[in-house]
Amino acid sequence: MALGTEKTTTDLDQKASAVFAGKVVRKDLVRKVKVGANVPVFVLEYLLGKYCATDDPQAIEAGLRVVNSTLAENFVRPDEANKAQSFVREKGTHSLIDKVKVRYLSDDDKYWAELVNFGHRFVHIPDQYVRQFDRLLMGGVWAQVKLRHQYDDSASGKKSPFRIEELQPIQVATFSLDDYRSARAAFSTEEWIDLLIRSVGLEPTGFDHRLKLLLLTRLLPLCEPNFNLVELGPRGTGKSYAYQELSPYVILLTGGTTVANLFYNMATNRMGLVGLWDAVAFDEVADLQKMPKEVVTTLKTYCESGSFARGKESLTGHASIALFGNTNQPVEVMVRSSHLFVPLPDAIREDLAFLDRLHFYLPGWEIPKMRVEFFTDHYGFVVDYLAEALRELRRHNFTELLDRHYALGAHLNARDVKAVRKTVAGLAKLIYPSGDVTKEGLGEIAELALEGRRRVKEQLKKMGSFEYHQTSFSLIDAETREEKYVGVPEEGGRNLISADPLAPGSVYTAAVDSEGKVGLYRLEVGCSPGTGKLKISGAADGEMKEAIQRAFAYLRGHKVEMGIAQALDTTDFHAEAIDLLGNYVPCDAGVALVVAVYSALKKQPVLPALLVLGDLSIQGNIKPTHSLAEPLRIAMDNAARRALIPLENKRHFLEVPADIVERVDPIFFGDPMTAALKALGMN
């Protein structure tokens, strides 16, 4: 680690310890104790925060001894339940650490506590604790418990010798969101992100900014209600860690479940997991295949609206849903051969309606497998404190935050908008909990939100449904009205013709040589103040260079009738041709040059996914292309949706195979001006 990085890291430790005194803990100590004790992280951090909240090495060593002895004496292992019960009986009273659940039995008109590892389901508990800690009735909490053994023969009803004398939940007793928000102001955005990453046990100094944001998106279901996340990626990347160790308010399901358990049990009239927990995560989404079909059907309804019907009742829940799964192929193979939902089980893989309800697809293949050097030795939040912060933030609505500076493009439908807004809201709660976010910061998280949702839509489009064909997601600056299109990185090398509009001055063109070999080019024309000169570079040489010069000469001779005289005379042009296939096929790109220059001068992009064909003479007579089928086939294979074709080629269009005709729309033109106008969608 460089000296500057080490100093910055130390500074962040000191700042975190000062600003969040008593609410941060050394994460390496957690790992040190965790190795020898199979207890939840928030239990360990509670003890470490109590006994090791210091920088003094000797005090830390002494504190660790206390923590280890406390766990040895008070933590009950499930296989030692009988021994623990006997110990309490012989000793009379004993303190232990266990998960406590409470249920009300109407037959006894009494609350009974269950100590899970202690192995006893009928433990007397004072009503005051049930009223004070209602979470005891909703799945239970980990707590320090003082038990007393006293058998009462005079008691009526069910008899039990174990009684809870004192109960202290191992979680934050009080939490102030205002204090949390005001303390956030002491940190820069990068410092705050690093502190959050360290709070989940990882060291951010080895990660780039994008990876940090992707790691934070795993926490979105914890702070945003009714958020639907899917992450598919290699094994060993820590996908489900947050749902296993970071919060007592989320549950990780391993194996199967039922509608009664997940949603509502009509036999007992009790709400299921979606009504009891903040987030429900499926550790291995393939397990859905083993579950009753009714689970998937009800889950699909719930993911849309947060409501579901059971019997005569329509019920609602606020739990977010997280689906985790493992990929068995590299992402490049999945992108090339099928789609990115392949790892999902049959029960939902082909259910487009279910998949369309997912708000964010986290690219798990971008997250490295966990190695020892990725774990931090520095301070992070006590996870229970962070869990309380995220839980409190769930109550606040940040979905309108995007409207401060941005609007969303026309390709986003109602579900897309909802997904993007919820993702932006969740990321803002994590990084900017007070809602004070800069325009740049908002733009950054909005682009990530668009990417995550577009990844879902791109797969649906690949799976063959026409209704999902609009995937050119964009973000519009509310002030300048500038529109920025957001892609998905893994799709970058497959479709050479972008489905998003190019910058003004850029067009795709193609040509076929005498041997039937096709060349595919992107022609880019840039403008700068000048006197009407043209400079040519890139792959434009030989025939292509001549065609470009000929077309530019035509433009100079017809600038008045085309309405571009003044602009042409006061502008210098730089034309560059990029050979997308790298096969050096000569290309007569005359019409493409006319369209590109007109687009650049008008500052308006050509139609998205458009291919321009044809050449022209010095007098502007259109030269048809030698053959249509070959260039259109290459264009279709690389995601072109329309082609600008010389009118003289219209008779050749009858020879184009039907599969191309279905996917590439022809736009015919008879002169250069018509070609330019139609290319820009102006005619």
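Analysis parameters
Per chain, the residues get numbers from 1 upward, laid out in the order the sequence is written. Owing to the predicted nature of the model, reporting of local features is limited to residues with pLDDT of at least 70; listing and counting of side-chain atom pairs is limited to 80 or more, with chain, interface and lining totals taken over all residues. Hydrogen atoms and water are omitted, and side-chain values are computed over all heavy atoms in the structure. To qualify as a helix, a DSSP run of H or I must reach at least 4 residues; to qualify as a strand, a run of E must reach at least 2; elements of each kind are numbered from the N terminus. In this analysis, two residues are considered to be in contact whenever any of their non-hydrogen atoms come within 4.5 Å of each other. Here, Shrake-Rupley sampling with a 1.4 Å probe gives the accessible areas, and only protein chains in the shown set may cover a residue. Charged-residue counts in this description rest on Lys and Arg as positive and Asp and Glu as negative, His and the chain ends being excluded. Note that the charge is assigned to NZ on lysines, CZ on arginines, CG on aspartates and CD on glutamates. Structural elements are reduced to axes, namely lines fitted to C-alpha atoms, with helices fitted over the stretch in contact, and the angle between N-to-C directions of any two is expressed from 0 to 180 degrees. Should an angle lie under 35 degrees it is considered roughly parallel, over 145 roughly antiparallel, and from 65 to 115 roughly perpendicular; all remaining angles are considered oblique. In a left-handed crossing the near helix is turned counterclockwise from the far helix by less than a right angle, and in a right-handed crossing that turn is clockwise. In the scheme used here, Gly and all other residues not listed as nonpolar or charged are polar, with Ala, Val, Leu, Ile, Met, Phe, Trp, Tyr, Cys and Pro taken as nonpolar and Asp, Glu, Lys and Arg as charged. Strands are treated as partners if at least two bridges between them are detected by DSSP. Buried, partly exposed and exposed residues are distinguished by accessible area as a fraction of the type maximum, computed with a 1.4 Å probe on protein chains only: under 20%, between the cut-offs, and over 50%, respectively. Any pair of N or O atoms that falls within 3.5 Å is considered a polar contact. Within protein, one atom must be able to donate a hydrogen and the other to accept it, and sequence-neighbouring residues count only if both atoms are side-chain atoms. In what follows, a disulfide is any cysteine sulfur pair within 2.5 Å. pLDDT runs from 0 to 100 and stands for how confident the predictor is about each residue.

Caption draft 1: Expanded view of the overall build of the protein. The number of helices and strands found in the protein is 26 helices and 28 strands. Taken along the three principal axes of its C-alpha coordinates, the protein extends 110 × 60 × 40 Å. Relative to all contacts within the protein whose residues are 6 or more apart in sequence, the contacts with residues 24 or more apart total 72%. Of the roughly 29,600 Å² that the protein leaves accessible, carbon and sulfur atoms contribute 49%. Charge-centre separation for the protein: the mean point of 82 positive side chains lies 3 Å from the mean point of 89 negative side chains.

Caption draft 2: Representation of the packing of helix α3 (residues 41–51) against helix α4 (residues 57–74) in the model. Relative to each other, α3 and α4 sit at 140°, their axes nearing to 9 Å. The angle between the axes of α3 and α4 places the two elements in the oblique class. In this structure, α3 crosses over α4, and the sense of that crossing is right-handed. Each of L44, L47, L48 and Y51 in α3 lies in contact with α4, whose residues at this interface are A59, G63, L64, V66, V67, T70 and L71. Partitioning the contact of α3 with α4 into residue classes produces nine nonpolar, two polar and no charged.

Caption draft 3: Layout of the sheet that holds strand β11 (residues 279–282). Read across the sheet, five strands follow the order β8-β11-β14-β7-β15 without closing on themselves; strand pairing throughout is parallel. Bordering the open sheet on either side are β8 (250–253) and β15 (360–363), each of which pairs with just one other strand. The sheet shows a mean angle of 15° between the axes of neighbouring strands, taken without regard to direction. Strand direction decides the pairing type here: strand β7 (residues 228–233) and strand β14 (residues 320–326), joined by six bridges, are parallel. Bridge pairing in β14 places G233 opposite N326.

Caption draft 4: Structural context of the pairing of strand β23 (residues 571–579). Only one face of β23 is buried: it carries T571, F573, A575, A577 and D579, and the other face, with D572, H574, E576 and I578, is open. Pairing between strand β21 (residues 518–529) and β23: nine bridges, direction antiparallel. For S528, the partnering residue across the bridge sits in β23 and is D572. As paired elements, strand β22 (residues 534–538) and β23 share five bridges and run parallel to each other. Bridging across to β23, L534 finds its partner in F573.

Caption draft 5: Representation of the side chain of R455. Structurally, R455 can be placed in helix α20 (residues 439–462). Of note is the side chain of R455, whose polar atom sits 3.0 Å from the backbone oxygen of Y361. If near-sequence neighbours (up to four positions away) are discounted, R455 is found in contact with R210, L340, Y361, P363, W365, E366, V488, P489 and E490.

Caption draft 6: Structural view of unusual backbone geometry. A positive phi angle, near 55°, is found at N269, a position not held by glycine. Judged by its relative accessible area of 56%, N269 is exposed. Positive phi is not limited to glycine here, since A609 has a value of about 55°. Mapped onto the elements, A609 comes out in the loop between α23 (590–602) and β24 (610–612). When its relative accessible area of 2% is taken as the criterion, A609 is described as buried.

Caption draft 7: Molecular detail of the state of the cysteines. Using the criterion set out here, one finds zero disulfides in the structure. Cysteine C223 shares no disulfide, and the gap to the nearest cysteine sulfur, in C303, comes to 17 Å.

Caption draft 8: Structural context of the confidence of the model for the protein. Summarising the model, the protein shows a mean pLDDT of 87, and 94% of its residues fall at 70 or more. Looking across the protein, the model is least confident in helix α15 (residues 331–337), with a mean pLDDT of 71, and most confident in helix α19 (residues 414–431), with 97. Per-residue pLDDT stays below 50 along residues 1–5; that stretch engages in four contacts with residues further than four places along the chain or on separate chains.

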